[in-house]
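# Understanding the architecture of this molecule
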Amino acid sequence: MSWLWAIIVGFVLGLIAKAILPGKQQIPLWLTTIFGILGSILGNAVAGWIGVEDTKGIDWTRHLLQLIGAVLVVGVGDMVWASLKGNRQRA
């Protein structure tokens, strides 16, 4: 069940990250989900490093760090995807 939640959270975070980033991203939906999962893992790691991975109640700081990680990974991943595909045109 944890893999299902990871995919759902990665999908949602990837879509939110694409909405936050300016311009049109060229990555497909499946890659958006993978980048969202990676961003979530990155955010969880940073939350662990700064000591906010487990708090009482809702972990807003951890969730914000996951979103920031997803924005970073989607942004960098989109640039890499565009350079690999050869279509560097931005809207």
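Quick note: structure is the one above.
So, here is what we can say about the structure in this document. Since the model is a prediction, treat every value here as computed from it, not as a measurement. (Residues numbered from 1 in each chain as written. Predicted model: local features only at pLDDT ≥ 70, side-chain atom pairs only at ≥ 80, totals over all residues. Heavy atoms only, no water.)

## A few points about the overall build of the chain
The helix and strand tally for the chain stands at three helices and zero strands. Helices and strands in the chain line up, N terminus first, as α-α-α. For the chain, the spread of C-alpha atoms along the three principal axes comes to 45 × 25 × 20 Å. In the chain, which comprises 91 residues, the share counted as buried stands at 31%. (Helix = DSSP H or I, 4+ residues; strand = E, 2+ residues; numbered from the N terminus. Buried < 20%, exposed > 50% of the residue type's maximum accessible area, 1.4 Å probe, protein only.)

## Re helix α2 (residues 29-50)
Taking 1.5 Å of rise per residue, the 22 residues of α2 would be expected to cover 32 Å, and the 31 Å separating its terminal C-alpha atoms lies within 8% of that figure. Taken together, the buried positions of α2 are Leu-31, Thr-32, Thr-33, Phe-35, Gly-36, Gly-39, Ser-40, Gly-43 and Ala-47. On its buried side, α2 packs onto α1 (2-20) and α3 (60-85). At the exit of α2 stands Gly-51, carrying a positive phi of roughly 85°. (Expected span 1.5 Å × (residues − 1). Contact = heavy atoms within 4.5 Å.)

## A closer look at a nonpolar patch on the surface
A cluster of nonpolar side chains, contributed by Leu-4, Trp-5, Ile-8, Val-9, Phe-11, Val-12, Leu-15, Ile-16, Ile-20 and Leu-29, occupies part of the molecular surface with about 840 Å² of accessible area. If one sorts the elements of the nonpolar patch by residue count, α1 sits on top with nine residues. Inspection of the secondary structure assignment puts Ile-16 in helix α1. (Patch = residues over 30% accessible without salt bridge, like charges linked within 9 Å, V, L, I, M, F, W, Y side chains within 5 Å. Areas by Shrake-Rupley, 256 points an atom, 1.4 Å probe, with all protein chains shown as cover. Salt bridge = Lys/Arg side-chain N within 4 Å of Asp/Glu carboxyl O.)

## Notes on the environment of Gly-48
With respect to the element layout, Gly-48 can be found in helix α2. Residue Gly-48 is classed as partly exposed on the basis of its relative accessible area of 35%. In sequence terms Gly-48 and Arg-62 are 14 residues apart; their C-alpha atoms lie 8.8 Å from each other.

These figures capture arrangement, not role.
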